[in-house]
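Here is what each chain is made of, one letter per residue.
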Amino acid sequence: MKNEKQDLDNLFAHFNGQWDTEEPANRHEDRFLDRLEGKNKKKKGLLLWLAMPTAAAILIMFGIWTIYKPGADTHAGAQTAAVKLSPKAQEAQSYFKGIIQKELAKVEKEDSPETKMLVKDALLRMDALEKDYEKLNNEVLTKGENKQIIHAMITNLQTRISFLEDVLTKIENIKKLKENYHENSNT
């Protein structure tokens, strides 16, 4: 027991005078706890945003499967050229478009001098994806609803949601860099 105590004393004697005993700056602990809480909230939100599109995609695929069962009459869709989307596909489309509108509003809200180019580029890319989606809608009107077109439409909507989430993450990183810069320049 005495040998162990002497070993510990010798170990810590080697570090004597090297310990950092200064107090952290005012509100250091509060800022640390605020950041810690913010990260935990983001993880929960990200998980929720990843689960919703997946659930919607499963719902759409189930709807498509019930409409196009193997052995069903394939000529019925060819007879009516101006077929609209099935109710389940319309419901899923509305769901995805609602998410896209909310995410797009968040991106537009973050338009600042630091993020101006990023937001502008994001809006241009969203317009291009919207034009692609309109082409797919026109295909449904001319050729009728089929699995490939519906899958392409779902992929387009999911791509837009993922893209907007990436843009929001980049904006958040820019804001953190700016905040860190100001913290470091103020100390």
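Residues numbered from 1 in each chain as written. Predicted model: local features only at pLDDT ≥ 70, side-chain atom pairs only at ≥ 80, totals over all residues. Heavy atoms only, no water.

1. Looking at the packing of helix 4 (residues 87-109) against helix 5 (residues 116-143)
So, step 1. Remark: helix 4 packs on helix 5, axes separated minimally by 11 Å, with the N-to-C direction vectors making an angle of 165 degrees. Taken as axis vectors, helix 4 and helix 5 run roughly antiparallel relative to one another. The crossing of helix 4 and helix 5 is left-handed. Residues Q93, K97, I100, L104, V107 and E108 of helix 4 form the contact with helix 5, whose own contacting residues are V119, A122, L123, M126, E130, Y133 and N137. (Axes fitted to C-alpha atoms, helices over the stretch in contact; angles between N-to-C directions. Helix = DSSP H or I, 4+ residues; strand = E, 2+ residues; numbered from the N terminus. Parallel < 35°, antiparallel > 145°, perpendicular 65-115°, else oblique. Left-handed = near helix turned anticlockwise from the far one by under 90°. Contact = heavy atoms within 4.5 Å.)

2. Section: helix 5
So, step 1. Here helix 5 contains 28 residues, and its C-alpha end-to-end distance of 41 Å stays within 8% of the 40 Å for a straight helix at 1.5 Å per residue.
So, step 2. Looking only at helix 5, the buried set comprises V119, A122, M126, L129, Y133, L136 and V140.
So, step 3. Remark: G144 follows helix 5 within two positions and exhibits a positive phi of approximately 90 degrees. (Expected span 1.5 Å × (residues − 1). Buried < 20%, exposed > 50% of the residue type's maximum accessible area, 1.4 Å probe, protein only.)

3. Examining the environment of N137
So, step 1. Counting through the fold element by element, N137 comes out in helix 5.
So, step 2. In this structure N137 touches L85, Q93 and M153, once residues within four positions along its chain are discounted.

4. A short note on the packing of aromatic side chains
So, step 1. Applying the stated rule across the entire model yields one aromatic pair.
So, step 2. Aromatic pair Y95 and F96: ring centres 5.9 Å apart, planes at 65 degrees, arrangement edge-to-face.
So, step 3. Exposure remark for F96: the relative accessible area of 0% places this residue in the buried category.
So, step 4. The positively charged end of R160 is found above the aromatic ring belonging to Y133, 5.1 Å away from the centroid. (Phe/Tyr/Trp six-rings, centres within 6.5 Å; stacked < 30°, edge-to-face > 60°. Lys NZ or Arg CZ within 6 Å of the ring centre and 35° of its normal.)

5. With respect to the nonpolar core
So, step 1. Counting residues in each nonpolar core, the largest one holds 28 residues, and the members touching the most others are V107 and M153.
So, step 2. Elements with a minimum of two residues in this core: helix 2 (28-67), helix 4, helix 5 and helix 6 (147-186).
So, step 3. Here the element with the most residues in this core is helix 6; it accounts for 11 residues.
So, step 4. Those residues within four positions of V107 in sequence are excluded, and the remaining contacts are V119, A122, L164, V167, L168 and I171. (Core = buried A, V, L, I, M, F, W, Y, C linked by side-chain atoms within 4.5 Å.)

6. A closer look at the pattern of salt bridges
So, step 1. Scanning the entire structure with this criterion turns up seven salt bridges.
So, step 2. Linking E130 and K97 is a salt bridge whose minimum nitrogen-to-oxygen distance equals 3.8 Å. In this pair, E130 sits in helix 5 while K97 sits in helix 4, placing the two residues 33 residues apart along the sequence.
So, step 3. Its relative accessible area of 23% is what places E130 among the partly exposed residues.
So, step 4. We classify K97 as partly exposed; its relative accessible area is 26%.
So, step 5. We note a salt bridge from R125 to D121, for which the minimum N-O separation is 2.9 Å. On the criterion of helical spacing, the pair formed by R125 and D121 is a turn pair, its members being four residues apart in helix 5.
So, step 6. You can call R125 partly exposed: its relative accessible area is 47%.
So, step 7. Salt bridges linked by common partners bring K97, E130 and R160 together as one network. (Salt bridge = Lys/Arg side-chain N within 4 Å of Asp/Glu carboxyl O.)

Taken by themselves, the reported measurements are silent on function.
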